[in-house]
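# Observations on chain architecture
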Amino acid sequence: MLPPIASNFVAGEDAATAIDHVRDCNDDGVSAILNLLGEHYDRRAPADADARAYMDLIRDIDAAGVDACVSVKPSQIGLDVGDDAFRENLASIVEVGQEHDCFVWVDMEDHTTTDVTLDAFEEHARETDGDVGVCIQANLKRTAEDIERLAKLPGKVRLVKGAYDEPKSVAHKGSEDVDTAYRDLLEYAFEEFEDGVAVGSHDPAMLDYAADLNEEYGTPYEVQMLMGVRESAQRELAADGVPTYQYVPYGNKWFSYFYRRIRERKSNALFALRAVIGR
Ligand code: FAD
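One structure accompanies this document, and this report is about it. These numbers come from a predicted model, not from an experiment.

Its boundaries defined by the atoms lining it, the largest pocket holds a volume of some 1400 Å³. Together, 44 residues line the largest pocket, and Ala163, His202, Leu226, Arg261 and Glu264 are the ones closest to its centre. With five residues, the top contributor of residues to the lining of the largest pocket is helix α10 (residues 266-277). Residues that form the lining of the largest pocket fall into these classes: 14 nonpolar, 14 polar and 16 charged.

Another point: the side chain of Lys73. Position of Lys73 relative to the elements: it lies in the loop between β2 (68-72) and α3 (83-99). Of the residues examined, Lys73 reaches a relative accessible area of 12% and is grouped as buried. Setting aside chain neighbours within four positions, we find Lys73 in contact with Gly38, Glu39, Asp107, Glu109, Tyr164 and Tyr247.

Turning to the site of the ligand, a few remarks are in order. Of all residues adjacent to the ligand, which total 22 residues, the nearest are Met108, Gly162, Ser201, His202 and Asn268. Met108 is positioned such that a nitrogen or oxygen atom in its backbone is 2.8 Å from a nitrogen atom of the ligand. In the model, an oxygen atom of the ligand is placed 2.9 Å from a nitrogen or oxygen of the Gln137 side chain. Protein contact buries 77% of the 950 Å² of open area that the ligand shows by itself. Structurally, the ligand is housed in the largest pocket. Looking at the shell around the ligand element by element, the count peaks at three residues for strand β7 (residues 221-226).

The subject of this paragraph is empty space enclosed by the protein. Counted according to the given criterion, the structure contains one cavity of 30 Å³ or more. For the largest cavity, the calculated volume is near 30 Å³. Taken together, Met108, Thr114, Ile136, Gln137, Leu140, Thr143 and Asp146 make up the lining of the largest cavity. When contributions to the lining of the largest cavity are tallied by element, the ones reaching two or more residues are β4 (132-137) and α5 (143-151). For the lining of the largest cavity, the residue count by class is three nonpolar, three polar and one charged.

So, about the sheet that holds strand β1 (residues 31-36). Read once around its circumference, the closed barrel built from eight strands follows the order β1-β2-β3-β4-β5-β6-β7-β8, with strand pairing classed as parallel. Taken pair by pair, the neighbouring strands of this sheet meet at an average axis angle of 25°, ignoring direction. As paired elements, strand β6 (residues 197-200) and β7 share four bridges and run parallel to each other. Its bridge partner lying in β7, Val197 is registered against Tyr221. Packing of α3 onto the sheet brings it into contact with β2, β3 (104-106) and β4, and relative to β3 it is tilted by some 150°. Contacts from α5 reach β4 and β5 (156-160) within the one sheet, and its direction differs from that of β4 by about 160°.

Cut-offs used in this document
- Residues numbered from 1 in each chain as written.
- Predicted model: local features only at pLDDT ≥ 70, side-chain atom pairs only at ≥ 80, totals over all residues.
- Heavy atoms only, no water.
- 1 Å grid on protein atoms, 1.4 Å probe; cavity = no way out; pocket = protein on both sides within 12 Å on 5 of 7 lines; lining within 4 Å.
- Points joined across faces, edges and corners; volume = space filled by probe spheres on them.
- Helix = DSSP H or I, 4+ residues; strand = E, 2+ residues; numbered from the N terminus.
- Nonpolar A, V, L, I, M, F, W, Y, C, P; charged D, E, K, R; others polar.
- Buried < 20%, exposed > 50% of the residue type's maximum accessible area, 1.4 Å probe, protein only.
- Contact = heavy atoms within 4.5 Å.
- Near = heavy atom within 4 Å.
- Polar contact = N/O pair within 3.5 Å; in protein donor to acceptor, adjacent residues only side chain to side chain.
- Areas by Shrake-Rupley, 256 points an atom, 1.4 Å probe, with all protein chains shown as cover.
- Sits in = over half its atoms within 2 Å of the grid points.
- Pairing = 2+ DSSP bridges.
- Axes fitted to C-alpha atoms, helices over the stretch in contact; angles between N-to-C directions.

This is the structure:
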């Protein structure tokens, strides 16, 4: 069972509970991006099982009539087994997404996976005429070039700072350098992206900058934040008319995800603790 301390960051252990949480988000005007927790399977069977779980989830979202899409991790649906396993499972998920009018995001993992992830995204972005999205990471030096490739494609792009500890040879390491890269990429996206920009950040400075760029270029944008992080800001943005998405993880593999949230920020630990002791 999900302990109360983890339930600030993880919506529950099964799809039905997660969809209940999505209803609460939707009541506040916030849309949801559902993510079944799991990654780095080195055998095909669990990767196929999670791919099937995503297909069921898409059907459940449709049946429940909630405002939600899904986001999948390549290594969760077979990338560590082989490129073919990943691409076959992603194709099946996107196909079911098309049948149920459900947008499919692909998360980005470490830099060794960027090429295959972007290639798979490109294939489905063209095939579906833009009903898929992909995440790119400002901390990777290559993203300055990748974003030019993505600007020519249909589909959506989520810009994040990057969650993986990458080697210096491929990544900006200092937070100031990452922030500078994030701003440059954001500006490029607002200038060049026809399908809008997804700002995946909790950083007030980046969100203000996105609002300024939206005013300057008129390009539509959405904000995406994690469940349990700056939720009042999520509600305020939505009330101000900015399309706002909460990334909602769920599933029984919640421990490592919860532990990452707690390790990355002391305030997350205090927030989780306060919720448990009721203060
Ligand atoms: P940070 O640089 O961490 O923080 C900047 C400022 O934001 C802080 O000073 C503070 O003012 C505010 N802030 C941040 N966290 C909190 C908090 N807990 N409480 C209060 N204020 C806070 N990474 C990937 O590598 N691949 C992915 O596919 C991916 N998908 C993501 C999807 C979404 C929707 C989001 C939001 C993030 C995703 N990430 C992903 C993670 C991302 O790369 C960053 O690691 C993470 O978002 C932290 O960076 P940040 O921009 O929020 O700001």
